[in-house]
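Summary of structural features
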Amino acid sequence: MEIREKGSEFLKEELHRAQKELKLKDEECERLSKVREQLEQELEELTASLFEEAHKMVREANMKQAASEKQLKEAGGKIDMLQAEVTALKTLVITSTPASPNRELHPQLLSPTKAGPRKGHFRHKSTSSTLCPAVCPAVGHTLTPDREGKEVDTILFAEFQAWREAPTLDKTCPFLERVHREDVGPCLDFTMQELSTLVRAAVEDNTLTIEPVASQTLPAVKVAEVECSSTNTCALSGLTRTCRHRIRLGDSESHYYISPSSRARITAVCNFFTYIRYIQQGLVRQDAEPMFWEIMRLRKEMSLAKLGFFPQEA
């Protein structure tokens, strides 16, 4: 009996110890399970965050790439357009001279009924600070009399040759100083001195616009525009004349109606400046003597316009 009792107590103690150990292991397993669940949740959140950030980066990269491709395409289109415009301009210049102008290149030459309200003397601006040399390098150049009874003036040709070596729009150059003094100034010397000064500055700066005004469009005047004269009075001469054109100076919204005679004088000066700008930009491919005679013809046109001679409009 004694042995049985001792054995029974021993077994109870072992059972109690085993139950205690099992309870501790259960608690440990539960703790580890909670740790695993927490780690899995954090890993899932981190993965989701990484995926979201990656998607965001990819989306931003795609947007930037699309914007860059769009800008590249637009830039390519602008380059193609500018190249086409330059090619067309060179073609027009080669096929058009002031002696035989291309009317698409010079819309101011169109009649009001055909041209519509288009801008006339709006040309590419170009500036240069290079002064003409004082001595003409044309020594030894043989000047031949023209078949039509014209003969080259050696002084004028020498000044032109000096200017042609380094074309500039600087009025201190002897060649241009003479043209301004003898032709441009008198041709743009109108009765209304203040407006004449503004017109001359605008012509020299290449910011003058001439617009033909058709009779049926006269009542339709934009509210933003300021009419500084009437269609029956020339703003430059002050004379009562039928004005089929008007001018605008620079970016101003003010318009001035001008008579056919005043328009012819302004157009003659603009044609001269257009031609010398073409020479300065290298768009005129001619020898010196034909270029000189073309300039002389343009000077003649300015003189005739100043004297009141101008072509009748259709």
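Rules used in this analysis
Residues numbered from 1 in each chain as written. Predicted model: local features only at pLDDT ≥ 70, side-chain atom pairs only at ≥ 80, totals over all residues. Heavy atoms only, no water. Helix = DSSP H or I, 4+ residues; strand = E, 2+ residues; numbered from the N terminus. Buried < 20%, exposed > 50% of the residue type's maximum accessible area, 1.4 Å probe, protein only. Areas by Shrake-Rupley, 256 points an atom, 1.4 Å probe, with all protein chains shown as cover. Axes fitted to C-alpha atoms, helices over the stretch in contact; angles between N-to-C directions. Parallel < 35°, antiparallel > 145°, perpendicular 65-115°, else oblique. Contact = heavy atoms within 4.5 Å. Left-handed = near helix turned anticlockwise from the far one by under 90°. Pairing = 2+ DSSP bridges. Salt bridge = Lys/Arg side-chain N within 4 Å of Asp/Glu carboxyl O. Phe/Tyr/Trp six-rings, centres within 6.5 Å; stacked < 30°, edge-to-face > 60°. Core = buried A, V, L, I, M, F, W, Y, C linked by side-chain atoms within 4.5 Å. Polar contact = N/O pair within 3.5 Å; in protein donor to acceptor, adjacent residues only side chain to side chain. Expected span 1.5 Å × (residues − 1). Patch = residues over 30% accessible without salt bridge, like charges linked within 9 Å, V, L, I, M, F, W, Y side chains within 5 Å. Lys, Arg positive; Asp, Glu negative; His and termini not counted. Charge placed at Lys NZ, Arg CZ, Asp CG, Glu CD.

**Focus: the overall build of the chain**
What the chain contains, in helices and strands, is seven helices and four strands. Ordering the α and β elements of the chain from the N terminus gives α-α-α-α-α-β-β-β-β-α-α. By residue count, 34% of the 314 residues in the chain fall in the buried class. When the accessible surface of the chain is split by element, carbon and sulfur atoms take 56% of a total near 20,700 Å².

**Remarks on the packing of helix α4 (residues 174-187) against helix α7 (residues 288-306)**
Their axes nearest at 8 Å, the elements α4 and α7 cross at an angle of 25°. When the axis of α4 is compared with that of α7, the two are roughly parallel. Each of F175, R178, V179, E182, D183, V184, P186 and C187 in α4 lies in contact with α7, whose residues at this interface are I295, R299, M302, S303, A305 and K306.

**Comments concerning the packing of α4 against helix α6 (residues 260-280)**
Closest axis-to-axis distance for the α4/α6 pair is 9 Å, and the angle between their directions is 160°. Overall, the two elements α4 and α6 adopt an arrangement that is roughly antiparallel. The hand of the α4/α6 crossing is left-handed. Residues L176, V179, H180, V184, P186 and C187 of α4 form the contact with α6, whose own contacting residues are R265, V269, F272, F273 and I276.

**Notes on the pairing of strand β1 (residues 208-212)**
Of all five residues in β1, five are buried, a share of seventy percent or more. Here β1 shows a buried face lined by L208, I210 and P212 and a second buried face lined by T209 and E211. Taken together, the five bridges between β1 and strand β3 (residues 245-249) define a ladder with antiparallel strand orientation. The residue of β3 that forms the bridge with L208 is L249.

**Points about the pattern of salt bridges**
Within the structure shown, the criterion is met by 13 salt bridges. Its salt-bridge partner being E28, residue R31 comes within 2.6 Å of it at the nearest N-O pair. Here R31 and its partner E28 are both found in helix α1 (residues 2-94), three residues apart, which amounts to about one turn of the helix. E211 is the partner of R246 in a salt bridge, and the nearest nitrogen-oxygen pair spans 3.0 Å. Of this pair, R246 sits in strand β3 while E211 sits in strand β1, and the two are 35 residues apart along the sequence. Taking the relative accessible area as the measure of exposure, R246 reaches 12% and is therefore buried. When salt bridges with common partners are traced through the structure, they connect E159, E177, R178, R181, E182, D183 and R299 into a single cluster.

**Observations regarding unusual backbone geometry**
The backbone of N206 sits at a positive phi, close to 60°, despite the residue not being glycine. Following the sequence through the fold, N206 ends up in the loop between α5 (193-205) and β1.

**Notes on the packing of aromatic side chains**
Under the counting rule described, the total for this entry stands at eight aromatic pairs. Ring plane angle 80° and centroid distance 5.2 Å describe the contact between F157 and F292, whose orientation is recorded as edge-to-face. Here F157, found in helix α3 (residues 154-165), pairs with F292, found in helix α7; they are 135 residues apart in sequence, far enough to count as distant. For the pair formed by F157 and F292, the shared burial category is buried.

**A few points about the nonpolar core**
Counting residues in each nonpolar core, the largest one holds 51 residues, and the members touching the most others are F160, V203, L208, I247, I266, F272 and I295. When contributions to this core are tallied by element, the ones reaching two or more residues are α3, α4, α5, β1, β3, β4 (254-258), α6 and α7. Among the elements that line this core, the one with the most residues is α6, at 10 residues. Not counting residues within four places of it along the chain, the set of residues in contact with F160 comprises F175, A288, M291, F292 and I295.

**Re the side chain of R299**
With respect to the secondary-structure elements, R299 resides in helix α7. Taking relative accessible area as the criterion, R299 reaches 8% and is therefore assigned buried. Of the polar contacts made by the side chain of R299, one reaches the side chain of E182; its length is 2.6 Å. Excluding residues that lie within four positions of it along the chain, R299 makes contacts with L156, R178, V179, E182 and D183.

**Notes on the side chain of H180**
Inspection of the secondary structure assignment puts H180 in helix α4. In this structure the side chain of H180 is engaged in a polar contact, spanning 3.5 Å, whose partner is the side chain of E204.

**Focus on α7**
It helps to recall that an α-helix has 3.6 residues per turn; residues three or four apart then point in one direction. A rise of 1.5 Å per residue sets the reference length of α7, with its 19 residues, at 27 Å; its end C-alpha atoms lie 27 Å apart and thus fit the reference within 8%. Those residues of α7 not exposed but buried are A288, E289, M291, F292, W293, E294, I295, M296, L298, R299, M302 and A305. Elements in contact with the buried residues of α7: α3, α4 and α6. Looking one or two residues beyond α7, the residue adopting positive phi is G308, at roughly 100°.

**Thoughts on a negative patch on the surface**
Taken together, the side chains of E37, E40, E42, E44 and E45 present a region of like negative charge at the surface. In this fold, E37 is placed in helix α1.

Function cannot be read off these values alone, since they describe shape.
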